[in-house]
Every structure is written in C-alpha cells, then in structure tokens.
Amino acid sequence: MDQFLQLLVAGLATGAIYALAAIGFTLVWQTSQTINFAQGEFVMLPAILALAARDLLHLPFWAAAMLATAVFLLLFGVGFKRFLVDPMLKHGVLPLAIATMALSILMKEGAKDGYSAQAAQFPSMVPEGTFSLLGAAVSLRDVAVFVVAIAAIVALQLFVTRTRLGRTMQATAQNPTVARILGVRVERMILLTFLINAGLAVFASYLISPIYLAKFSNGEVIGLSAFIAAIVGGFNQVRGALAGGFIVGLVDNLAAAYVSSGYRTAVPLGLLVVFILFKPEGLLGRREERTV
Amino acid sequence: MTRVLEVKGMRKYFGGIRAVDGVDFHVNKGEILGIIGPNGCGKSTLFNCILGQLTPTDGEVLLEGRPVTGLYPSELAKLGVSRTFQLLQVFPTLSVRENLILAGQEHRGTKLSRLFGRGDAGLTDAANRMIAFFELDHLADQKAGGLSYGQQKLLDAAMAFMAGPKLVLLDEPAGGVNPTMLAALKERLEAINREQGATFVVIEHNMDFVMSLCSRVVVMAEGRVLAQGTPAEVRADPAVVEAYLGH
Amino acid sequence: MIRRLDPNLVVIAIAAPLLWFIPVGFKAYGLYVVSLWLVMAIAAMGLNLTLGYAGLKSLAQAAFVGIGAYTTAILTKNHGVAWPVAFLVSGALSFGVGVVLGFPALRVKFHHLAFVTLAFAMFVFLVARNEEWLTGGVYGFSNIPRPVIFGLDLSRALPFYRFVLVVTVGLSLAMWWLLRSPWGRAFQALRENWMRAASLGVDIRTYTLLAFAIGSAWGGFAGALYAPLVEFIDPAPFAISASFVMLLTVVVGGSGFFLGPFVGAFLSFVLPELLRATGGWYLLVYASVVLILLVFSPTGILGLVERAREHVAQRRAAEMRAAARPMLEGSEAR
C-alpha cells in the first residue's frame, strides 16, 4: 500500500508533465494539422540549452534558464512555424509530419554533439525531500511537480476561456476559416499556439529533467508518452490530453513496478494500440465523421 | 423477362433521418433504368446501399435472383456489378491505359497467376479496344490526372465497362460535362447497350439526358418511390409534375 | 509493337556490372560503407512498396530489419544453420509479422496507423533489449559468422560486398517484376483511391496485407545481410529513430519511384559516413540536408528530377504549339 501510494503520486507527477507536452501537441495539431514527431525533443532540448548556457557562458543558473527559454521560444515557437510548418504545410500533412521526424533527429544530434552524450544533473526548481502521507514516504518533489504543472494547465485554461485573446485563439483552432471571415488575424493566433506549445515544452523540460536527468535521448520516451496521452485522451481536446497524460503517467509508473521495468514503455503502448483499434476518437474526443 | 437487379423494401436511416424509406424497384436485362429526384431525395444513399458502401437498415438486394445484400464492393464487382461515382474517381498517376487495365485485371485468373503469369496480354488488347471505342486514343499514355474533366468522365465510364459487367450503375454521369462531351457519352452508352445488351441504372439530375437515354424511369422524393414508368408516363404523372418538374 | 525498355531496368543492367568492379581498390571500410548502402537500400525498397506505392504509413521498417538481423544471427551463430536458410526464414518471419501488423491498416488510416506501427517498432526494440536469453540484451551478439556459400568463402570484405550486390540485384529484379505486375498496379490503386479500387473488384483487404507483408519481408532480407555485414548487432540500430530514418530515406530518395530507395539510402547511410571523416556533427549535417531538401522538394530527389523533366517537356510542347499556331490560324482563316 505504501509503495502503491508512492507510485500514485509519482505517476500523477510524470502524468502532469506528459499532459503539458500532449496539450502542446494537440494545440499545434488543431491549428495547423502539424503532427509533431519532434514533440519529445521539444521537451528534451530546453534543459540542455539551459545547461549549455550555464557551462559555456558561465552564467548563473537562473539567468541561463531564462536565456534558454527565450532562445527556445524564438527558435521552436516562431522559427518552427515560419521556417518549417509554413513552407511544408502546403505540401500536405504527411510531408510536414516527415519533416518533423527529420527535425527530431536534428535536435537530438544537436544536443548530443553540441552539449554532451552523457546524462547531466539538472538543478531542481522545487524542493527535494519526502514527507509522510498515510504512513507512506511521499516525494515532496513529485507533489511539487504535480502542483506546478497543474497550475500551468489551469492558467492556460483560464487564458483560453476567460480572456478575449484566448477565446479568439480557441475559435481559430476550432475553425480557422470562420475565424478568418470574422476578421481574426488567423496567422497571429496560430503563431500564438506555437509559442504556447514551445512554452509548455520549456515548462515540462525544467520539471522533468531533475527527475530523469537531462539527456539528448530523453525525447524518445517523452514524445511517445505525449502521443499516447493525446490519442488516448482524444486527439483534438485539451481536457482529453490532460486526462490522457495522467493515465499514461499512472500506467507507466505502475507497470514499471508491478509488470516489469524492462517493459514499462510497452504497457502504455499496448493501451495506445487498443485505443486506436477500438476507440480511435479517444476518451473525450468526438468521433470524426466517417466518409463513405 | 429476367430481372438483373431487384431491390426490395430498402431502408436506410441515419439517426432520425430517413434517407431511404422503403424503396422497391427492379431492372430488367438489357434495360436502361433512370432514377431521378430532387437533391436529398435519397438517390445516392440508395446507390451506396445497393453497392455495399453503406449497410442498409433494412431491405434486400437480389442480383439475378440471388441475395447480395451487404457484400463488399469488391465482391459485388467480381459478381459483375460495376459503377461510376458522382465525383470523379480515376487513378491520377496511372496512365489512361493502366487505369483501364486495372479495371479489368481482378476479374480474371487468380492472385498468383496475376503475379507470375503474363496475365496482361489480353487485358492490354481489351483496354486498347475500350480506348478506341471511347475515342481516347491520343491520350492513352497520358496520366489520367492530366486529362480534362470531361475526358476523365469518359475514362471513368470506360473503366466501368472493362470487365464486361452484368450491370452498371452510373452516378450522375452527366454532372459538369459540356454538351459535346455529353452527346459523346450518351452515344457510347447507347451503343454498349445495343451491341452488348448491357444493363444500366443511371442516377441523374439532367432531365433531358435521362428522358432521352432511359427506357424506364423511377422518380424518388423524400426517400420513397413517387412514380415509375416510361419517360412519357412519368412526365404526365401529376405527382411528379408537382414534386419535381413543376418548377 | 516493340516494347520500350523500362529505364529502371536499364539502370540496373548498367549499374550492376559497374558496382561489381568499381570498389576493387577500396579498403575494408570503404567496402563496408558501400555494402551498407546496398543493404539499407533493400530495406528502403520494401518500405517504398508499403509507403510509396501502396500509400500505407509505416514507422516500423527498422524493426523488421532488426527481426531479420536477430533471426539470422541466432540461427547461424547459435544453431549453425546455413545462411541461405536463415535468409529465407528471416524474410518469411518478417512477412508473417507484417501480415499481422497489416490488420490495423484495415481499420485505421494515416496518423493512427503510423502510431500503431511506431508502437510495434518500440515493442520489438524492447524485446531485443530485455530478452537476454534470446537476443543477448544490450550486449547483443558479436562474432556473427559471414557465410560460406557453394564453397565460396565470403569472410573477406570484397567477396562479401559482391555477394551483397548479387542479392541486391536479385531482390531489385523481384521487386521490379512485382511492381509491373497487376499487383503493383493494384497497390498504386490502393494508394490513390481505395474506394474506386474496391468498386473495380480490387480486394483491398488482401492487397493491403500483402503490401505490408512484402515490404516487411524486404526489411527482413536486409536484416539477414546486415547481421553478417557488421558481424555484431545490438538493439540500438533498430530503435524507433532508426525507423524514422528509414522513412526519411524513402521520402528523400523519392517515394513511389523505383530507384528512390537507392538515392535515399545513399544520402542516409553513405553521406554520413563520408561526413564522419570531417569530424563530429555528421548526423546533424545529414538531418539539416534532409530538412532543407524536404522544404524545397517534398517529393524527394527523384521527384525533383521528374519535375525538371516535365518542365522541359512542357516547354518543348509550348514551343511546338507556338510554331504550329500560324498554320492553325491560317486554316481557320480559310
């Protein structure tokens, strides 16, 4: 029971981070049909950038992290849209998806060659230590990660539902054509979703890297988990991505403990396959009209 | 007279919408039957139910007296039921000739003989004959995607006849085709009907086209059969005039 | 009617003897790189069938190379099975697994299919890493024997390279035959318009499974050559990023072009080795080249060549029309 409770909290913490990545994933999918196969690398890279800035420019860590955030938002928020998505999208969804695969290799190799092939310690932004909950020693960091991630998601949700800009963005995501007719500056709104995606990735990166260490290859598992979370939750739903993130985080952590640590990734994957075959619209998604 | 196709009590509901609501008709051998009706009367849904694209809510389809309800489109095709689509459906990167060969290839031999044998020889000849018949000679080696709309419509129709089908269902063959091309298409269809005794069902909006091509017409409205008979009879039917011709 | 020779066949006929003799002076490393190029071209050829011709998005081709490589390593090293038998078993096993993986393709399309195949690729990788009793785990297999075939010892680099070349030519010809047969046409019909294909009697279920299975079998064949080529295998080269690279290989070469896989494999597997000599960063350079290329020509290098050729043909046709116009106007005036 103690162990179960620990796993539960750890699962919710990683799940919240997966949810951050999955929400970004669904946002860019909604606004510009981008299946971003580099989403995992988006979460991997900011931490590496921060460490590189600290080590190479001899900056204090907080300054390095801020510099890395700015650079990342510029390159992978604005640059990603302007120089990859915009020119590729007119060729279709598939060429764009393939281009993001190339981008994922580029980011991974860039991190490996440009910074390090080794895993590196990443300073935790939240307190370490444990506290006792119902007799179980629960990691304070897990709880903090969970709280911070959820706070970010709630803030995003408030932005989307309560502010004029957020509502416009949401409307654009749901129907760009109508939004354009209504005089929305669609391009700007799409750019905003890309910036939010990059921002969420930075957040996820700084939260997860203290747990799993910062390493160039981290993107594979994170990316896969984000895809699974997005699909299981419902491909075009922010709420779905959140639910999916928690499910994947929990399943992942419980499988590692109770099934086999070697196959921990396989269990969420099995979940993914079952969903795709039997409930392709996901838990909360709407079934897309089948064309005959 | 043998009935090539018989449709009994066909119904198709989408939730509360009764797209097809109890339709009965038959097609005799060698006949050209027209199905007309205003937009949204259920013609295309009826077609898709007959052809296995949609599963009917209720009803039966008989091909030469044998039940074929719910068979896959490819299985129906092998039993000799062929079709064209409302929207253009050719294979754009294959040449005109390859489109036609493809349309015929699955009807002879087995999968293995198609892989290892020289199964193409007869098909190429058949495709060339079809190309000549539809006067597409100068386009035979061009990619189908590069053809004009009317030419693609001709190719689309030609593909439906490649396998020597018992029955061909044409979904709005005249839609978007210019008058010259339309006359050519009509002439070809009549010639195939006359020479090979081929049986057609045609769904169409273009009244002149249907009335001059078909020997018998079924008029649909709101998912039901409103009237059927020769073009002259249908034209004179007050209910039809009211519902469809009267505007 | 004289049949025009297929240019693809002409290229094979000219390239095969050239490739037989050109690398004679190469050192062992050079021969390894050229062999790797051919082996990966075989795997890409399989994916080109599945993706390029039949239009089914698979992200698992490297996993099939892995299945073939492990099968061959286990059979030849641990059980002393002759290589040709291991080769056939590798292909057959991949074919069988490919059939099973094809079933989701009957239900789901596009990105969902890509994710199912991605999940499968990950699963294969996990099995290779975890099942030490079978695969040697992270340490893998070393000293995989190179075959002796019909008394020919292929342990040295040049004979082995030539052997790879012979197998490559054989598999290329088989693929060529397949693609120009009615099956090839049916696969393309599947890609372009499966609904219309079905209405013409094309059994889309069987052809979908076949497209998956045959493409996978080529992956298995490539694996059967890969294992004795590198003589050491571990799970890393069959990870999901390797399947990404396989997909990029096909697309960059020219998806749906018969020779695309050879062009793509050159870019993906030979170019990095050439760049390796210039120090690190080679995969970075490779990925950048691929990205730039994709932005400019999403149909790949051969797509670019085709576009250029069509452009020239169109200009020539326009010139001919322009030359003919005075005559036309003259006849109308009459």
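Residues numbered from 1 in each chain as written. Chains lettered and ligands numbered in written order. Predicted model: local features only at pLDDT ≥ 70, side-chain atom pairs only at ≥ 80, totals over all residues. Heavy atoms only, no water.

For the rest of this paragraph, the subject is the overall build of chain B. Helix and strand counts for chain B come out as ten helices and ten strands. The C-alpha radius of gyration computed for chain B amounts to 18 Å, which stays within 12% of the reference 18 Å derived for 247 residues, consistent with globular compactness. Projected onto its principal axes, the C-alpha coordinates of chain B cover approximately 55 × 40 × 35 Å. For chain B, the residues scored as buried account for 54% of the 247 residues in total. If you take every contact in chain B between residues at least 6 apart in sequence, the share linking residues at least 24 apart comes to 68%. Accessible surface, chain B as shown: approximately 10500 Å² in total, 52% of it carbon and sulfur. (Helix = DSSP H or I, 4+ residues; strand = E, 2+ residues; numbered from the N terminus. Rg over C-alpha atoms; globule rule 2.2 N^0.38 Å. Buried < 20%, exposed > 50% of the residue type's maximum accessible area, 1.4 Å probe, protein only. Contact = heavy atoms within 4.5 Å. Areas by Shrake-Rupley, 256 points an atom, 1.4 Å probe, with all protein chains shown as cover.)

Let us now look at the overall build of chain A. Scanning chain A from N- to C-terminus turns up eleven helices and two strands. In chain A, the order of α-helices and β-strands from amino to carboxyl end is α-α-α-α-β-β-α-α-α-α-α-α-α. Its C-alpha radius of gyration of 19 Å places chain A within 12% of the 19 Å reference for a compact globule of 292 residues. For the C-alpha atoms alone, the extent of chain A along its principal axes is close to 60 × 50 × 35 Å. Within chain A, the proportion of its 292 residues that are buried is 54%. Nonlocal contacts in chain A, meaning residues at least 24 apart in sequence, comprise 74% of its contacts between residues at least 6 apart.

Next up on the list: the sheet that holds strand S9 (residues 216-221) of chain B. Backbone-to-backbone hydrogen bonds pair the strands of a sheet. The strands run either parallel or antiparallel. Residue and element names in this part refer to chain B. In spatial order, the strands read S6-S7-S8-S3-S9-S10; together these six strands make up an open sheet with mixed pairing. Each edge of the sheet is formed by a strand with only one pairing partner; in this case those strands are strand S6 (81-83) and strand S10 (224-229). Each neighbouring strand pair of the sheet contributes to a mean axis angle of 20°, computed without reference to strand direction. (Pairing = 2+ DSSP bridges. Axes fitted to C-alpha atoms, helices over the stretch in contact; angles between N-to-C directions.)

This next bit is on the sheet that holds strand S5 (residues 66-67) of chain B. Residues and elements named next belong to chain B. Taken in spatial order, the four strands of this open sheet run S2-S1-S4-S5, and their pairing is antiparallel. At either margin of the open sheet sits one strand with a lone partner, and together these are strand S2 (17-28) and S5. Note that strand S1 (residues 3-14) and strand S4 (residues 58-63) share five bridges and pair antiparallel. Bridging across to S4, Val 7 finds its partner in Val 61.

Tallied over the entire structure, the rule returns 22 salt bridges over all chains. Between Glu 75 of chain B and Arg 205 of chain C there is a salt bridge; the shortest N-O distance is 4.0 Å. Of this pair, Glu 75 of chain B sits in helix H2 (residues 73-78) while Arg 205 of chain C sits in helix H9 (residues 204-230), each in a different chain. With a relative accessible area of 33%, Glu 75 of chain B lands in the partly exposed category. (Salt bridge = Lys/Arg side-chain N within 4 Å of Asp/Glu carboxyl O.)

Facing 38 residues of chain C, the contacting portion of chain A comprises 42 residues. Of the roughly 3600 Å² buried between chain C and chain A on both sides combined, carbon and sulfur atoms contribute 82%. Counting the surface chain C buries against chain A, the share from its top three residues, Phe 115, Phe 244 and Leu 291 of chain C, is 17%. Taken together, the links from chain C to chain A amount to zero salt bridges. Remark: the boundary between chain C and chain A carries three residue pairs in polar contact (both at pLDDT 80 or more). Among the secondary structure elements, those contributing two or more residues to the side of chain C that touches chain A are helix H4 (83-107), helix H5 (110-130), helix H10 (240-254) and helix H12 (282-296) of chain C. (Buried area = accessible area lost by both parts, 1.4 Å probe. Polar contact = N/O pair within 3.5 Å; in protein donor to acceptor, adjacent residues only side chain to side chain.)

This part takes up unusual backbone geometry. Residues and elements named next belong to chain A. The backbone phi angle of His 58 is positive, close to 55°, even though this residue is not glycine. Note on placement: His 58 falls in the loop between helix H2 (39-57) and helix H3 (61-89). For His 58, a relative accessible area of 68% puts it in the exposed group. In this model, Leu 213 sits at a positive phi of 65°, which is unusual for a non-glycine residue. Its place among the elements puts Leu 213 in the loop between helix H8 (186-212) and helix H9 (219-233). The class for Leu 213 is partly exposed, based on a relative accessible area of 29%.

Let's shift gears to the confidence of the model for chain A. Residue and element names in this part refer to chain A. Predicted confidence across chain A gives a mean pLDDT of 88, with 97% of residues reaching 70 or more. Averaged over each element, pLDDT in chain A is lowest for strand S1 (residues 130-133) (78) and highest for H2 (95). Predicted confidence for residues 288-292 stays below pLDDT 50, and this span has four contacts to residues more than four positions away or in other chains. (pLDDT = per-residue confidence, 0-100.)

Moving on, we get to the pairing of S4 of chain B. Residues and elements named next belong to chain B. As paired elements, S4 and S5 share two bridges and run antiparallel to each other. When the bridges of S5 are listed, Leu 63 appears paired with Arg 66. Between S4 and S5, which pair antiparallel one after the other, the connecting turn spans two residues, and Glu 64 there sits at a positive phi close to 50°.

Right, let's talk about the packing of H3 of chain A against helix H4 (residues 93-114) of chain A for a bit. All names here are of chain A. Where H3 contacts H4, the two axes come as close as 10 Å, and the packing angle between them is 145°. Remark: the crossing between H3 and H4 carries right-handed chirality. Along the contact surface, H3 presents Phe 72, Phe 76, Phe 80, Leu 84, Val 85, Met 88 and Leu 89, while H4 presents Pro 95, Leu 96, Ala 99, Thr 100, Leu 103 and Met 107. Partitioning the contact of H3 with H4 into residue classes produces twelve nonpolar, one polar and no charged. (Left-handed = near helix turned anticlockwise from the far one by under 90°. Nonpolar A, V, L, I, M, F, W, Y, C, P; charged D, E, K, R; others polar.)

All right, on to the confidence of the model for chain B then. Averaged over chain B, the pLDDT score is 87; the fraction of residues at 70 or greater is 96%. Interface confidence in the predicted complex, given as ipTM, is 0.87; pTM for the same model is 0.89.

Bringing the packing of aromatic side chains into the picture now. For the structure on display, the rule yields 30 aromatic pairs over all chains. On the basis of an interplanar angle of 75° and a centroid distance of 5.9 Å, the ring pair of Tyr 226 of chain C and Phe 238 of chain C is categorised as edge-to-face. Taken together, the residues span a long stretch of sequence, with Tyr 226 of chain C in helix H9 and Phe 238 of chain C in the loop between H9 and H10 at a distance of twelve residues. Here the aromatic cluster, defined as three or more aromatic residues joined through ring pairs, consists of Trp 83, Phe 87, Phe 160, Phe 163, Trp 218 and Phe 221 of chain C. Sitting above the plane of the Phe 83 of chain A ring, Arg 82 of chain A keeps its charged end 6.0 Å from the centroid. The residue whose ring lies beneath Arg 180 of chain C is Trp 177 of chain C, and the NZ or CZ to ring-centre distance is 4.9 Å. (Phe/Tyr/Trp six-rings, centres within 6.5 Å; stacked < 30°, edge-to-face > 60°. Lys NZ or Arg CZ within 6 Å of the ring centre and 35° of its normal.)

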